[in-house]
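# Fold and geometry: a report
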Amino acid sequence: MNSPHTDPDWFRYIPHFLSKRLMGRTQLHKAIHNTGWIFFDKILRAVLGLLVGAWVARYLGPGQFGELAYYIAFIALFQGITNLGLDGIAVREISHHQLHPHVILGTIYRLRVYAGMGCWLLAILSYGVIEGVNGPGIYIIGLVGATLVFQASDTVDLWFQGQSQSKRTVVAKAIAYLLINSIKVILILMQAPMIAFVLVIAAESLLNALALFIAYKSFPSSDSWAPSKEVARRLLQESWPYLLSTLAVIIYMRIDQIMIRNMLDDRSLGIFSAMQPIAGAWNIIPVAIVTSIAPFMTKKHLEGGPAFNNSLLYMFRALWVISLCAIGFTILISPYLIPAIFGIRYLDSIHILNIYVWTCLPIALGVGQGIWLLNERKPKLSMIQTACGALASVLTNLALIPSFGLVGAAYAAILSQVISTTLINLLISRKLFFLQMGIKPPRWAS
């Protein structure tokens, strides 16, 4: 048994029965510590982003805010490509030490820079073909699209995740985020035009890149990054299903905004986009948990099926409880929260939020299943799930928006999430479905 001094300082702040059970479990300590920092980062971004974002929405009004949301949603369709589906694979490889980390990091960084530049040009060309080159829209897409290139700097975060050192990136990126939101407040007080907020969006990605560079210099890998063509081929051979899955996720998470703007108007999109950060804020909890315990779960997988499945079972049960509590709390406070932070012009968002917030549950189960898919090496299942979700999103929005407006879009979001994250598993991978339901899989489940 490890000596008491090996246990972290935060033991003194938790109940005795918990500290006794955790005593001496070094790897679990790292996962919990990492979770704490990731929680801090996600909570800071959710709270500050919601408050400042609400102030921006209130200042611009539903019309202009909807227009800005459309530009962001359009660029988001290309963000899934720039990451190349490599996040989970990189963390796994670094945790296993199968290859030197500097080779993995260097290879992924170079691939993402090339992908970002290509997607930037593709986004501008696509917007020009769809919307035309006349007017300010094409220039706004060019500015916001620059974030696709700077997104390659997130490769640094993969290094820290693999080493359970998320604290370093959290602090650096939090400073950049605080600075950006301070600038947004200043712009509101100066009564700046919408284009000024577009410039801030582009500047945020640049500041994040600089912050991650500084953080990496304080805790670098043992060798300089060295990209490898052979490693690139191997990574892309495994990651392409995840890439397609991520792209499909982006489609069914963002296509509703694109369709609302084209089938209804900018004001409707502003009403819909205003409530989304409130529902989405709860999603940081499952993302933070899963991201932090990923290295720990990888080690459980190496111990064998029973240990891995039991850990997954506990995780999914926790996600159910957390999600249902979040949904109930949101429905209770929405009539007071929306007018308080957005103003009376956004009252229509209340009913939409009370429906849309139910997406939190299937999203949490979908985030959790990522650990199973990655460790069981089931990228094709992930691709099938998200492809079905993207198709369901397009079809349900086409069917429901013309008849029911924003209410239809909210129900379409729930349906597409449920189909993608759980119902497909009932047909293809029943074992995973039972785990998601918090039930120990029967022997016949495959």
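Residues numbered from 1 in each chain as written. Predicted model: local features only at pLDDT ≥ 70, side-chain atom pairs only at ≥ 80, totals over all residues. Heavy atoms only, no water.

### Concerning the overall build of the protein chain
What counts, and what does not: Helix and strand assignments come from DSSP, with helices taken as H or I runs of at least 4 residues and strands as E runs of at least 2, each series counted from the N terminus. The protein chains shown are the only cover counted for residues, whose accessible areas, like all others here, come from Shrake-Rupley with a 1.4 Å probe.
Tallying secondary structure elements over the protein chain gives 17 helices and zero strands in all. Surface summary for the protein chain: the accessible area is close to 20500 Å², and the carbon and sulfur share equals 67%.

### Comments concerning the packing of aromatic side chains
Just so we agree on the cut-off: Only Phe, Tyr and Trp rings are paired, with Trp represented by its six-membered ring, and only when their centres lie within 6.5 Å; those with planes under 30 degrees apart are stacked, over 60 edge-to-face, the remainder tilted. The buried label applies to any residue whose accessible area, calculated with a 1.4 Å probe on protein chains only, is under 20% of its type's maximum; exposed applies above 50%, and partly exposed to all values in between. Charges are assigned to positions over rings by a cutoff of 6 Å between ring centre and Lys NZ or Arg CZ, combined with an angular limit of 35 degrees from the ring normal.
Following the criterion strictly, the structure yields ten aromatic pairs and no others. Measuring from ring centre to ring centre gives 6.1 Å for Tyr-59 and Phe-197, while their planes differ by 50 degrees; the resulting arrangement is tilted. On the criterion of sequence distance, the pair formed by Tyr-59 in helix H2 (residues 26–82) and Phe-197 in helix H9 (residues 194–218) is long-range, its members being 138 residues apart. Overall, Phe-197 belongs to the buried group, its relative accessible area being 3%. In this structure an aromatic cluster arises from ring pairing among Tyr-70, Tyr-71, Phe-74, Phe-78 and Tyr-127. Above the face of the Tyr-177 ring, Arg-45 is positioned so that its terminal group lies 4.6 Å from the ring centre.

### A few points about the pattern of salt bridges
So the rule is basically this: Each reported salt bridge corresponds to a side-chain nitrogen of Lys or Arg within 4 Å of a carboxyl oxygen of Asp or Glu.
For the structure on display, the rule yields three salt bridges. As a salt-bridge pair, Glu-131 and Arg-261 come within 3.2 Å of each other at their nearest N and O atoms. Remark: Arg-261 occurs in helix H10 (residues 229–263) and Glu-131 occurs in helix H4 (residues 101–131); sequence separation between them is 130 residues. The partner of Arg-267 in a salt bridge is Asp-348, with the nearest N and O atoms 3.6 Å apart. Taken as a pair, Arg-267 in helix H11 (residues 266–281) and Asp-348 in the loop between helix H13 (305–341) and helix H14 (349–356) lie far apart in primary sequence, 81 residues in all. Put simply, Glu-131, Arg-261 and Asp-266 are held in one network by salt bridges that share partners.

### Quick notes on the packing of helix H15 (residues 360–375) against helix H16 (residues 379–428)
Applied cut-off: In this analysis an axis means a line fitted to C-alpha atoms, helices contributing only their contacting stretch, and an angle means the value between N-to-C directions, from 0 to 180 degrees. In this scheme, roughly parallel covers angles under 35 degrees and roughly antiparallel covers those over 145, while 65 to 115 is roughly perpendicular and the rest are oblique. It is the rotation of the near helix from the far one that decides the hand of a crossing: anticlockwise by less than a right angle makes it left-handed, clockwise makes it right-handed. Here, two residues are considered to be in contact whenever any of their heavy atoms come within 4.5 Å of each other. All amino acids are sorted into three groups, where Ala, Val, Leu, Ile, Met, Phe, Trp, Tyr, Cys and Pro are nonpolar, Asp, Glu, Lys and Arg are charged, and the leftover types, Gly among them, are polar.
Direction vectors running N to C along H15 and H16 enclose 165 degrees, while the axes themselves pass 10 Å from each other. Relative to H16, the element H15 lies roughly antiparallel. In the crossing of H15 with H16, the sense of the turn from one axis to the other is left-handed. Seen from H15, the contacting residues are Pro-362, Ile-363, Leu-365, Gly-366, Gln-369, Trp-372 and Leu-373; seen from H16, they are Leu-381, Ser-382, Gln-385, Gln-417, Val-418, Thr-421, Thr-422 and Asn-425. Among the residues making up the contact of H15 with H16, the classes are represented as seven nonpolar, eight polar and no charged.

### Things to note about a nonpolar patch on the surface
Rule in force here: Only residues whose relative accessible area exceeds 30% and that form no salt bridge enter a patch; like-charged residues are grouped when within 9 Å of one another, and nonpolar side chains (Val, Leu, Ile, Met, Phe, Trp, Tyr) when within 5 Å.
A surface patch of nonpolar side chains, about 440 Å² in accessible area, is lined by Met-263, Leu-264, Leu-391, Leu-395 and Leu-398. Looking at which element gives the most residues to the nonpolar patch, the answer is H16, with three residues. Mapped onto the elements, Leu-391 comes out in helix H16.

### Considerations on H4
Keep this limit in mind: In a helix, the anticipated span is given by 1.5 Å times the number of residues less one.
The first and last C-alpha atoms of H4 sit 43 Å apart over 31 residues, in line with the 45 Å expected at 1.5 Å per residue. One or two positions beyond H4, positive phi appears at Gly-132, with a value near 90 degrees.

### Quick word on the confidence of the model for the protein chain
Heads up, the condition is: Every residue carries a pLDDT, the predictor's confidence in it, which falls somewhere between 0 and 100.
When pLDDT is averaged across the protein chain, the result is 81; 85% of the residues are at 70 or more. Across the protein chain, element-level confidence peaks in H14 with a mean pLDDT of 95 and bottoms out in helix H1 (residues 16–22) with 53. A low-confidence stretch, residues 1–5 stays under pLDDT 50, and its non-local contacts, those more than four residues away or across chains, total three contacts.

### Digging into the environment of Val-144
Within the fold, Val-144 resides in helix H5 (residues 137–145). Linking Val-144 and Ser-205, residues 61 residues apart in sequence, is a C-alpha distance of 9.5 Å. In this structure Val-144 touches Ile-75, Val-198 and Ile-201, once residues within four positions along its chain are discounted.

### Re the nonpolar core
Going by this rule: Residue types Ala, Val, Leu, Ile, Met, Phe, Trp, Tyr and Cys, when buried and joined through side-chain atoms within 4.5 Å, form a set referred to as a nonpolar core.
By size, the foremost hydrophobic cluster in this structure holds 88 residues, and its most contacted members are Leu-312 and Phe-342. The residues touching Phe-342, leaving out its near neighbours within four places in the chain, are Leu-50, Ala-54, Ala-57, Arg-58, Ala-274 and Ile-278. By size, the runner-up hydrophobic cluster in this structure holds 15 residues, among which are Ala-90, Val-103, Tyr-242 and Leu-374.

### Regarding unusual backbone geometry
Comment: phi is negative for the bulk of residues other than glycine, and the bulk of peptide bonds are trans. Positive phi, normally seen in glycine, also occurs at Gln-191, with a value near 55 degrees. Along the chain, Gln-191 turns up in the loop between helix H8 (166–189) and H9.

### Here we look at H5
Because the α-helix completes a turn every 3.6 residues, residues three or four places apart line up on one side. In terms of residue burial, H5 counts as a mostly covered element, since seven of its nine residues are buried. Gly-137, Ile-138, Ile-140, Ile-141, Gly-142, Val-144 and Gly-145 are the residues of H5 that are buried.

### A closer look at the packing of H13 against H14
Between H13 and H14, the shortest axis-to-axis distance is 9 Å and the interhelical angle comes to 155 degrees. Taken together, the axes of H13 and H14 are roughly antiparallel relative to one another. H14 is crossed by H13, and the crossing has right-handed handedness. Contact residues: Thr-330, Ile-331, Ser-334, Pro-335, Ile-338 and Pro-339 in H13; Ser-349, Ile-350, Leu-353 and Asn-354 in H14.

### What about the side chain of Thr-330?
We count it as follows: What qualifies as a polar contact is a pair of N or O atoms within 3.5 Å, subject to a donor-acceptor requirement within protein and to the restriction that residues adjacent in sequence count only when both atoms come from side chains.
Residue position: Thr-330 is located in helix H13. Residue Thr-330 is classed as buried on the basis of its relative accessible area, which comes to 1%. Side chain to side chain, Thr-330 and Trp-282 meet in a polar contact 2.7 Å long. The contact partners of Thr-330, leaving out residues within four places of it in the chain, are Ile-278, Trp-282, Leu-353, Asn-354 and Val-357.

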